[in-house]
Amino acid sequence: METAKRLKTLFVTIYNPLRRDTGGHQRTSLIYDFLRENTDLDTLLLNVSHDKVENTDNFFSYDIDINPSLSERLKGNIKLFSKYFITPKHKKCTEIYKQYTHKTKYDLIYFRFMATAIKCGVEDFSNVIIDVDDAPWQVHKSLSNSHSLSWYKRLYCKLRLPLIEYNSKKLLRSCKYYLTANPDDVFSENGINLPNIPMYISPECNTDIPLNKNIMFVGLMKYYPNYEGMDHFIKHIWSEVIKLHPDVNLYIVGRGTPASLAESWQKSENVHLLGFVENLQDVYDSCSIVVTPIYSGAGTNIKVLEALAMNKICIVSRFALKGFDKILINKEDLLVANNDSEFIDYLNSVLSNLNKYHYLCKNGHKKIIEFYSKEKINKILNKTISM
């Protein structure tokens, strides 16, 4: 019996799919692994991080700087009803992309991020699949409210927002498919929700392991939703919790904390700023509680799923649950705080009686296996390669 033809596919990404050290790299890696296993794949890495990558017969890496100049941004702002209003075309990216698409006829072209496709000068999107991940209009909405930006930068983002949304959705409608991390960002029939998932799911919760009063937060700390959220947590929530429980400890994991905030946080009682750690599992093993006080940003917070996959008691802000709220249930799988007062009350209650909340570890872990496994993701991705 003749075997089915494997689709000739090109995967274009600015994230190195061989790395797995951030949520963005993990998502890239999952898509890359699926395409490699199920299609005849060529990979084009626009290597903005200048990682050391060895080229092969079907993996091509080019060191490149894709940040547009001020003049390029200004030119793009003039093109109001164009995809180049979102981001300018990049000369070198376009040349590299055309080099491969002109010599090989691809059945499918997968792009990691919409901006990557625009920078590559794509005109025909009929066989293009874009992993949007975080919707650009949601990113601009978040930036327009970010206290880390000056007032005029927030205004700039706010003014651009309507056209960013219009031009983004116009482009995405013309694709074969587009993928979003947040189900609420799907707006047309060719849109598919591809949730972020944890790379590792630990064995089922062992209720014999004693719980402790160590609390953990993990995230890329140069990313403004993470450092803004943690700064708010330390000033308005931790300051009250430490009065009620002087023996509690907070461990903050992740590289890139702004120096001024790092200095301020380390003055707070029992706050430990760990930065980048070689073995994240060791920190998870030493902490029973994970907090996710996130109040801005786009997409979804994979750190919530990762913590549940590690059998932790999770306490999160309402915003951090965005995109998961139809599956993860408050007080059943985790605890969801609508405000600072609720966050303090939840932490006080958990720290006062850890064993009472052990059930959350088991329930949350079961939800991850049921809804956020690699098998579920591959089933969704399989739809995109069905011609």
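All residue numbers refer to positions counted from 1 along the written sequence of the respective chain. Local features in this predicted model are restricted to residues whose pLDDT is 70 or higher, and side-chain atom pairs enter the listing and the counts only when it is 80 or higher, whereas totals over whole chains, interfaces and linings include all residues. Only hydrogens and water are set aside when side-chain values are computed; all heavy atoms of the structure are taken into account.

**A word on the pattern of salt bridges**
Any two side chains of opposite charge can pair, so long as their charged atoms come close to each other.
1) Next: By salt bridge we mean one thing: a side-chain nitrogen of Lys or Arg within 4 Å of a carboxyl oxygen of Asp or Glu. All chains considered together, the criterion is met by 19 salt bridges.
2) Next: D51 is paired through a salt bridge with R19; the nearest N and O atoms lie 3.2 Å apart. Placement of D51 in the loop between strand 2 (40–47) and strand 3 (59–63) and of R19 in the loop between strand 1 (8–13) and helix 1 (23–38) is noted, with a sequence separation of 32 residues between them.
3) Next: Among the residues examined, R19 registers a relative accessible area of 24% and is labelled partly exposed.
4) Next: In this structure, the salt-bridge partner of E240 is K243, at a minimum N-O distance of 3.3 Å. Note on conventions: DSSP H or I runs of at least 4 residues are helices, E runs of at least 2 residues are strands, and numbering of each starts at the N terminus. Classification of residues uses two cut-offs on accessible area relative to the type maximum, computed with a 1.4 Å probe and protein chains only: under 20% is buried, over 50% is exposed, and between them is partly exposed.

**Section: the pairing of strand 8 (residues 214–218)**
One face of the sheet, then the other: side chains in a regular strand alternate in exactly this way.
1) Next: Taken across its 5 residues, strand 8 has 5 buried, putting it largely inside the fold.
2) Next: Relative to strand 9 (residues 249–253), strand 8 runs parallel, the two sharing 5 bridges. Looking at the pairing, N214 lines up with N249 of strand 9.
3) Next: The path from the first strand over the helix to the second decides the hand: if it runs clockwise while the strands point away from the viewer, the crossover is right-handed. Where the polypeptide runs from strand 8 across helix 7 (residues 224–244) and back to strand 9, its parallel neighbour, the crossover connection is right-handed.
4) Next: Any two strands with at least two DSSP-identified bridges between them are counted as paired. Relative to strand 11 (residues 289–292), strand 8 is paired through 2 bridges, and the arrangement is parallel. Considered in strand 11, the bridge of I215 is made with I289.

**As for the sheet that holds strand 12 (residues 313–317)**
1) Next: Taken together, 6 strands build an open sheet; the order of strands is 10-9-8-11-12-13 and the sheet is parallel. Looking along the sheet, the strands with just one partner apiece sit at the ends: strand 10 (271–275) and strand 13 (335–337). Strand-to-strand twist of the sheet, defined as the mean angle between neighbouring strand axes without regard to direction, takes the value 25°.
2) Next: Strand direction decides the pairing type here: strand 12 and strand 13, joined by 3 bridges, are parallel. Bridge pairing links V316 to V336 in strand 13.
3) Next: Contacts are residue-level and defined by heavy atoms, with any inter-residue pair within 4.5 Å sufficient. Every angle, taken between N-to-C directions, lies between 0 and 180 degrees, and every axis is a line fitted to C-alpha atoms, over only the stretch in contact when it is a helix. Against the sheet, helix 7 makes contact with strand 8, strand 9, strand 10 and strand 11, and its axis sits at roughly 170° relative to strand 9, the strand it touches most.

**Thoughts on helix 1**
Owing to its 3.6 residues per turn, the α-helix brings residues three or four apart onto one side.
1) Next: A helix is expected to reach a length of 1.5 Å times the quantity of its residues less one. The first and last C-alpha atoms of helix 1 sit 23 Å apart over 16 residues, in line with the 22 Å expected at 1.5 Å per residue.
2) Next: Here helix 1 lies mainly inside the structure; 12 of its 16 residues are buried.
3) Next: Restricting attention to buried positions, one finds in helix 1 the residues G24, H25, Q26, R27, T28, S29, L30, I31, Y32, D33, F34 and L35.

**Re empty space enclosed by the protein**
1) Next: Lining residues are defined by having an atom within 4 Å of a point belonging to a cavity or pocket. Those points lie on a 1 Å grid over the protein atoms alone, cavities being sets where a 1.4 Å probe fits but cannot get out and pockets being open sets with protein on both sides within 12 Å along at least five of seven lines. Grid points are joined across faces, edges and corners, and a volume is the space filled by probe spheres set on the points. In total, this model carries 1 cavity of 30 Å³ or more according to the counting rule given.
2) Next: Roughly 30 Å³ of volume is contained in the largest cavity.
3) Next: Lining the largest cavity we find R27, L30, I31, L194, P195, I197 and I377.
4) Next: Ranked by the residues each element gives to the lining of the largest cavity, the list is headed by helix 1, at 3 residues.
5) Next: Residues were grouped as follows: Ala, Val, Leu, Ile, Met, Phe, Trp, Tyr, Cys and Pro as nonpolar; Asp, Glu, Lys and Arg as charged; and all remaining residues, including Gly, as polar. For the lining of the largest cavity, the per-class residue count stands at 6 nonpolar, no polar and 1 charged.

**Here's the deal with the packing of aromatic side chains**
1) Next: Centres within 6.5 Å make a pair out of two Phe, Tyr or Trp rings, where for Trp the six-membered ring is used; the pair is then stacked when the planes are under 30 degrees apart, edge-to-face when over 60, and tilted otherwise. One pass over the full model with this rule turns up 14 aromatic pairs.
2) Next: Ring centres of Y62 and Y100 lie 6.3 Å apart, and the angle between their planes is 75°; this geometry places the pair in the edge-to-face category. Of the two residues, Y62 sits in strand 3 while Y100 sits in helix 3 (residues 91–103), which places them 38 residues apart along the sequence.
3) Next: Three or more aromatic residues joined by ring pairs make a cluster, and in this case those are F60, Y62 and Y100.
4) Next: A ring is scored as having a charge over it whenever the NZ atom of a lysine or the CZ atom of an arginine sits within 6 Å of its centre and within 35 degrees of its normal. The ring of F113 has R112 lying over it, and the distance from NZ or CZ to the ring centre is 4.3 Å.
5) Next: The ring of F85 has R160 lying over it, and the distance from NZ or CZ to the ring centre is 4.4 Å.

**As for the packing of helix 1 against helix 13 (residues 374–384)**
Geometry of a packed helix pair, given as the angle between the helix axes and the separation of the axes.
1) Next: Their axes nearest at 11 Å, the elements helix 1 and helix 13 cross at an angle of 60°. The crossing of helix 1 and helix 13 is right-handed. On helix 13, the residues that touch L30, I31, D33 and F34 of helix 1 are K374, N378, L381 and N382. Rotating anticlockwise by less than a right angle from the far helix to the near helix defines a left-handed crossing, while the corresponding clockwise rotation defines a right-handed one.

**Concerning the sheet that holds strand 3**
1) Next: With parallel pairing, the 7 strands of this open sheet are ordered in space as 3-2-1-4-5-6-7. The open sheet has two edge strands, strand 3 and strand 7 (191–193), and neither has a second partner. Averaged over all pairs of adjacent strands, the angle between strand axes in this sheet comes to 20°, irrespective of strand direction.
2) Next: For strand 6 (residues 177–180) and strand 7, the ladder comprises 3 bridges, and the chain directions are parallel. Pairing of T180 across the sheet is with N193, part of strand 7.

**Observations regarding a nonpolar patch on the surface**
1) Next: A surface patch of nonpolar side chains, about 510 Å² in accessible area, is lined by W151, Y152, L155 and L159.
2) Next: Structurally, the position occupied by Y152 is in helix 6 (residues 151–173). Surface patches are drawn from residues lacking salt bridges whose relative accessible area is over 30%; two like charges belong together within 9 Å, two nonpolar side chains (Val, Leu, Ile, Met, Phe, Trp, Tyr) within 5 Å. Accessible surface is estimated by sampling points in the Shrake-Rupley manner with a 1.4 Å probe; for residues, cover comes only from the protein chains shown.

**A closer look at the layout of surface pockets**
Any empty space left between the atoms is revealed when a probe the size of a water molecule rolls over them.
1) Next: Roughly 410 Å³ of volume is contained in the second largest pocket.
2) Next: Lining the second largest pocket are 22 residues, and of these N145, E228, Y295, S296 and G297 lie nearest its centre.
3) Next: Listed by contribution, the elements that provide at least two residues to the lining of the second largest pocket are helix 5 (136–143) and helix 7.
4) Next: Element by element, the count of residues in the lining of the second largest pocket is highest for helix 7, at 7 residues.
5) Next: Partitioned by chemical class, the residues of the lining of the second largest pocket number 3 nonpolar, 12 polar and 7 charged.

Just geometry here; none of it tells us what the structure is for.
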